[in-house]
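# Structural characterization, general
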Amino acid sequence: QVQLVESGGRLVQAGDSLRLSCTASGLTFSSCAMAWFRQVPGKEREFVAAISRSSLVTRYADSVKGRFTISRDNAKNTMYLQMNSLKPEDTANYYCAADTLPGVLRDLAHQYDYWGQGIQVTVSS
């Protein structure tokens, strides 16, 4: 059974930093491209960042470029999202996702095969 478990979300103030983690089990983590998405109530799930299997390629949404950094440790089956200079508009439920299909890094939610349960990040102004 595949499980993706996010951790690290909490309430922070604008300008603060936060690191999210996603630990995977039940799949060959090193064979999957991984991504972070986020969602606020009433809106579609939004792409945040993605990372290739070997970490050689990363991709970011324009809204987080230069502030967020995605990384992974295949030995620990874990992916990270370092979020710096947080803004109130970064407030959302953050989800990690796994893509088992090789190829380019994808930015649409329906292209990902497995999902975590999500974790709340709240940035106060």
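What this report covers is the structure whose coordinates are included nearby. Bear in mind the structure is a predicted one, so any value in this text is a computation, not a measurement.

This part takes up the state of the cysteines. This structure, assessed with the given rule, holds 1 disulfide. At a sulfur-sulfur separation of 2.1 Å, the disulfide partner of Cys22 is Cys96. Disulfide Cys22-Cys96: torsion about the S-S bond near 55°, hence right-handed. Placement of Cys22 in strand 3 (residues 18–25) and of Cys96 in strand 9 (residues 92–99) is noted, with a sequence separation of 74 residues between them. By relative accessible area, Cys22 is classed as buried at 0%.

Taken together, 4 strands build an open sheet; the order of strands is 1-3-8-7 and the sheet is antiparallel. Lying at the two open borders of the sheet, with one neighbouring strand each, are strand 1 (3–7) and strand 7 (68–73). For this sheet, the mean inter-axis angle between neighbouring strands, taken without regard to orientation, is 15°. Two strands pair when backbone bridges link them, and strand 1 and strand 3 are joined in this way by 5 bridges, in the antiparallel orientation. The residue bridging Gln3 from the neighbouring strand is Ser25, located in strand 3.

Notably, Asn77 is not glycine yet its phi reads approximately 55°, a positive angle. Tracing the chain through its elements places Asn77 in the loop between strand 7 and strand 8 (78–83). In this structure, Ser85 takes a positive phi of about 50° despite not being glycine. Relative to the elements of secondary structure, Ser85 occurs in the loop between strand 8 and strand 9. Under the relative-accessibility criterion, Ser85 is labelled partly exposed at 39%.

Aromatic rings considered in pairs are described by the distance between their centres and by the relative angle of their planes. Tallying each qualifying case throughout the model produces 5 aromatic pairs. Ring geometry for Phe37 versus Phe47: centroids 5.7 Å apart, planes at 75°, classification edge-to-face. With Phe37 in strand 4 (residues 33–39) and Phe47 in strand 5 (residues 46–51), the pair connects residues that are 10 residues apart, well separated along the chain. For the pair Phe37 and Phe47, one class covers both residues: buried. Each ring, one from Tyr112 and one from Trp115, has its centre 6.3 Å from the other, and the planes form 65°; the classification is edge-to-face.

Basis of the calculations
- Along each chain, residues carry numbers from 1 onward, in the same order as the chain's sequence is written.
- Only residues with pLDDT of 70 or above have their local features reported here, since the model is predicted, and side-chain atom pairs are shown and tallied only from 80 upward, although totals for entire chains, interfaces and linings are computed over all residues.
- Only heavy atoms go into the side-chain values, all of them from the structure, while hydrogens and water stay out.
- Here, the term disulfide refers to a pair of cysteine sulfur atoms separated by no more than 2.5 Å.
- To qualify as a helix, a DSSP run of H or I must reach at least 4 residues; to qualify as a strand, a run of E must reach at least 2; elements of each kind are numbered from the N terminus.
- In this scheme, a residue with accessible area under 20% of its type's maximum is buried, one over 50% is exposed, and one in between is partly exposed, where area comes from a 1.4 Å probe on protein chains only.
- Between any two strands, pairing holds if DSSP finds at least two bridges.
- Angles shown run from 0 to 180 degrees and are taken between the N-to-C directions of axes, each axis being a line fitted to C-alpha atoms and, for helices, limited to the stretch in contact.
- Only Phe, Tyr and Trp rings are paired, with Trp represented by its six-membered ring, and only when their centres lie within 6.5 Å; those with planes under 30 degrees apart are stacked, over 60 edge-to-face, the remainder tilted.

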